[in-house]
Amino acid sequence: MTIDDDIVLRTRDGVTELIVNGVFAMDSAEVSSELALADACLPARRVLVGGLGLGYTAARLLDGGVQHIRVVELSAALVAAARAGATEQLGRLASDPRVELVVGDIADAVTPGWDAIALDVDNGPSFLIHDHNAALYDASFLARCLAALNPSGKLLVWCESPSPDLEVELRRLARDVRVIVVPVFRGERSFNYAIYVASSQA
């Protein structure tokens, strides 16, 4: 299913794939890092999520008892597909009153009052799908996210591979930083995805 010029949802052999800007973004066969991203947010009452994807992170947050989730997604077409129930998972999110789907750029959507902010908008600073997303890994934006957190809140950044430069920047800005490495296997290939968890200064 072609969502728009940039986004394609494709199902084959029971697996749904999300293709963004011609680049494989994720599929429903291997979602361990999306689930790990959600789990690292918990416990939390209010979570801001950058990037809808196939909805696995937000769904896991619901299962973990989060009371309000705001998902900011740049693609209006993908949000419309979720509201139309393009997949069971996306339809579940769109119909749950605890989930607020917002069309927009997460760079413009950070507001105060979150227990966690989870960024899964691109592949990370070393392998961008959209060049304009480079700003999401700059110190100024990271600092804005940290300042928007409630006391003891967490900023989480998903990356398709470890990013030493991002870790250095977060350690300069945050009270504490830990790295969760999620090994992923696709056929005979293996990858180490990284989730950076930075604690607010408050």
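Preceding block: the structure.
Residues numbered from 1 in each chain as written. Predicted model: local features only at pLDDT ≥ 70, side-chain atom pairs only at ≥ 80, totals over all residues. Heavy atoms only, no water.

A few points about the packing of helix 5 (residues 139-147) against helix 6 (residues 164-173)
Right, so step 1: One can describe the packing of helix 5 onto helix 6 by two numbers: an axis separation of 10 Å at closest approach and a directional angle of 45 degrees. One element, helix 5, and the other, helix 6, form an angle in the oblique class. In the packing of helix 5 onto helix 6, the handedness of the crossing is right-handed. Contact residues: Ala139, Leu142, Ala143 and Leu146 in helix 5; Leu166, Glu169, Leu170, Arg172 and Leu173 in helix 6.
Right, so step 2: Residues that form the contact of helix 5 with helix 6 fall into these classes: seven nonpolar, no polar and two charged. (Axes fitted to C-alpha atoms, helices over the stretch in contact; angles between N-to-C directions. Helix = DSSP H or I, 4+ residues; strand = E, 2+ residues; numbered from the N terminus. Parallel < 35°, antiparallel > 145°, perpendicular 65-115°, else oblique. Left-handed = near helix turned anticlockwise from the far one by under 90°. Contact = heavy atoms within 4.5 Å. Nonpolar A, V, L, I, M, F, W, Y, C, P; charged D, E, K, R; others polar.)

Quick notes on the packing of aromatic side chains
Right, so step 1: In the structure shown here, the tally under the stated rule is two aromatic pairs.
Right, so step 2: Just above the ring of tryptophan 114 sits the side chain of arginine 46; from NZ or CZ to the centre is 4.2 Å. (Phe/Tyr/Trp six-rings, centres within 6.5 Å; stacked < 30°, edge-to-face > 60°. Lys NZ or Arg CZ within 6 Å of the ring centre and 35° of its normal.)

Thoughts on the sheet that holds strand 1 (residues 7-12)
Right, so step 1: The three strands lie next to each other as 1-2-3, forming an open sheet whose pairing is antiparallel. Where the open sheet ends on each side, the last strands, each with one partner, are strand 1 and strand 3 (23-27). The average angle at which neighbouring strand axes cross in this sheet is 30 degrees, direction not considered. (Pairing = 2+ DSSP bridges.)

Describing the pairing of strand 10 (residues 189-199)
Residues in a regular strand point their side chains to alternate faces of the sheet.
Right, so step 1: In this structure, strand 8 (residues 149-159) lies alongside strand 10, joined through six bridges in antiparallel fashion. Bridge pairing in strand 10 links leucine 156 to valine 197.
Right, so step 2: Linking strand 9 (residues 176-186) back to strand 10 in an antiparallel pair, the connection comprises two residues, with glycine 187 at a positive phi of about 65 degrees.

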